[in-house]
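Descriptive analysis of the structure
The primary structure of each chain is shown beneath.
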Amino acid sequence: MGSWEFLEEILLGYRFPERFVQLIMACVTSPKFSVTVNGELHGYFEGQRGLRQGEETSVNRVMEALKHFSEVSGLIANLDKSNIFMAAVTDQTKERPLDDTGFSEGSFPIRYLGLPLSPKKWSKLECQQLIEKITHRIKVTYEKKLSYAGRLQVITAVLFSIYSFWGAVFILPQSVLKEVDKRCRDYLWGTSEDKRRVPLVSWEKICCPKKNGGLNIKGCSSWNKASVGKLLWQLTQSKNSLWVKWVHDIYIKNDPNVWSHTAPQDFSWYWKKLNSLKEKMQEWYVQGKYILTPKGDYSITSSYNALLGGQVKMENASLVWSKFAQPKHRFIAWLATKKRLLTKERLGQMRIIVIDMDCCLCDDQEIETSQHLFGNCPWIHAIRRSFLQWTNTQLHAGEPKLVFDVIRRKHW
């Protein structure tokens, strides 16, 4: 441990002004600390010389603290799960604390709350666990033979929660984000290792909100950017947060304005990447206030929609996604309005061999097209007559989009 008297003598020996030395000694000898419990400060206590990084006596004090904790609580530290991390020391120096504690030497990446932590830039290999988790979930659900609507629910509720948990903390490599998108896209349309299915709608359109004609699946790349954008919001708003104070003291102490700060080349890769993303997000702030929500609280969803850019509103979205319809019927209606149903005519256009092109619902020997199914097919005419007798309401014949337009104008 160092000595305050020795430090004072050194400062005076270098002929620093006496008043300056007094101020320095006051800072290092009389600090007071407070403990935060559930977000509130409780009491103050004076700082004293004691635990120091890298000292052998500090290792002994840590072991004494663990022993006392065990005696008081009855809990014993698991040595197999306890590690010591050391840097810039010789192998001979490492042996002493390892022998004294019985711990093993730790190495990066380490795991915390199920996530790997590393001081270096992430590679695809380090993110392989994320891809493996999603792949495992997909293989499990494939056995259930789900419909389009069922697989959509799995993506939005299960797979999304997995990559959202990772994406809220880390800026993930683009290769990993593209791979996760690919796994989700293939799963939605039914592609697996032993069979391949053609996507009926582009992934970019699928990742739009339902009111804009999509399925409200979150694209990994844009969602990752929107998620880490909350870190920038916290840097501008959460001044009392410990990590925000640390960033301001270490990274931007000479330029407290986050938006005008430029990250030097010798700073960490994560900080430089975060600064490169802020250029797209600066327009979300006016005079330092986040403007995408009424109260100024950060919203990942609002930021995600802003990254998507201007979207055309789907006029019949409320009818297509009506809560009164079953999920699989809503999905089929969505495909029908986009003219993406796998009719025999479309299969032929996709150069897929179809032996019989005639409609399978009637005997008119008409080619199975979307216009025929929803307009001229005798089977659908019978359905309309039954509906008229049941509800005394005449349904319009024609393409699904036209039918929805008529229903919407009637204000049912």
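For the structure, check the block above.
Thresholds applied
Residues numbered from 1 in each chain as written. Predicted model: local features only at pLDDT ≥ 70, side-chain atom pairs only at ≥ 80, totals over all residues. Heavy atoms only, no water. Phe/Tyr/Trp six-rings, centres within 6.5 Å; stacked < 30°, edge-to-face > 60°. Helix = DSSP H or I, 4+ residues; strand = E, 2+ residues; numbered from the N terminus. Buried < 20%, exposed > 50% of the residue type's maximum accessible area, 1.4 Å probe, protein only. Contact = heavy atoms within 4.5 Å. Salt bridge = Lys/Arg side-chain N within 4 Å of Asp/Glu carboxyl O.

**Remarks on the packing of aromatic side chains**
Scanning the model with the defined rule gives 18 aromatic pairs in all. Considering the side-chain rings of Tyr251 and Trp271, the 5.0 Å spacing of their centres and the 15° angle between planes classify their relative orientation as stacked. Linking Tyr251 in the loop between α10 (242-250) and α11 (269-281) with Trp271 in helix α11, this pair joins segments that are 20 residues apart in sequence. The two residues Tyr251 and Trp271 agree in class, both being buried. Ring plane angle 80° and centroid distance 6.2 Å describe the contact between Phe387 and Trp390, whose orientation is recorded as edge-to-face. Here the residue Phe387 and the residue Trp390 both occupy positions in helix α17 (residues 378-391), the gap between them amounting to three residues, near one helical turn. Classification of Phe387 by relative accessible area gives partly exposed; the value is 25%.

**Considering the side chain of Asn316**
Within the fold, Asn316 resides in the loop between α12 (300-308) and α13 (317-320). In contact with Asn316, other than residues within four places in its own chain, are Lys401, Phe404, Asp405 and Arg408.

**So, the environment of Ala157**
By the element assignment, Ala157 lies in helix α6 (residues 148-167). For the pair Ala157 and Gly190, spaced 33 residues apart in the sequence, the C-alpha separation amounts to 18 Å.

**Some remarks on the side chain of Ser303**
Note on placement: Ser303 falls in helix α12. In this structure Ser303 touches Ala226, Trp284, Tyr290, Leu292 and Tyr298, once residues within four positions along its chain are discounted.

**Digging into the pattern of salt bridges**
Opposite charge on two side chains makes pairing possible when the charged atoms of those side chains draw close. Scanning all chains against the criterion turns up five salt bridges. A salt bridge links Glu179 to Arg183; the nearest nitrogen and oxygen atoms lie 2.7 Å apart. Highlighted residues: Glu179 and Arg183, both in helix α7 (residues 174-189), separated by four residues, approximately one helical turn. The exposure class assigned to Arg183 is partly exposed, which follows from its relative accessible area of 26%. A salt bridge links Asp186 to Lys182; the nearest nitrogen and oxygen atoms lie 3.1 Å apart.

**Considerations on unusual backbone geometry**
Where the residue is not glycine, phi is negative for most of them; where a peptide bond is considered, it is trans in most cases. Along the chain, Phe108 connects to Pro109 via a cis peptide bond; the corresponding omega equals 0°. Mapped onto the secondary structure, Pro109 falls in the loop between β4 (104-105) and β5 (110-112). Of note, Asn216 is a non-glycine position whose phi angle comes to about 65°, a positive value. Following the sequence through the fold, Asn216 ends up in the loop between α8 (203-206) and α9 (220-237). With phi around 55°, Gln365 is a residue other than glycine that occupies positive phi space.

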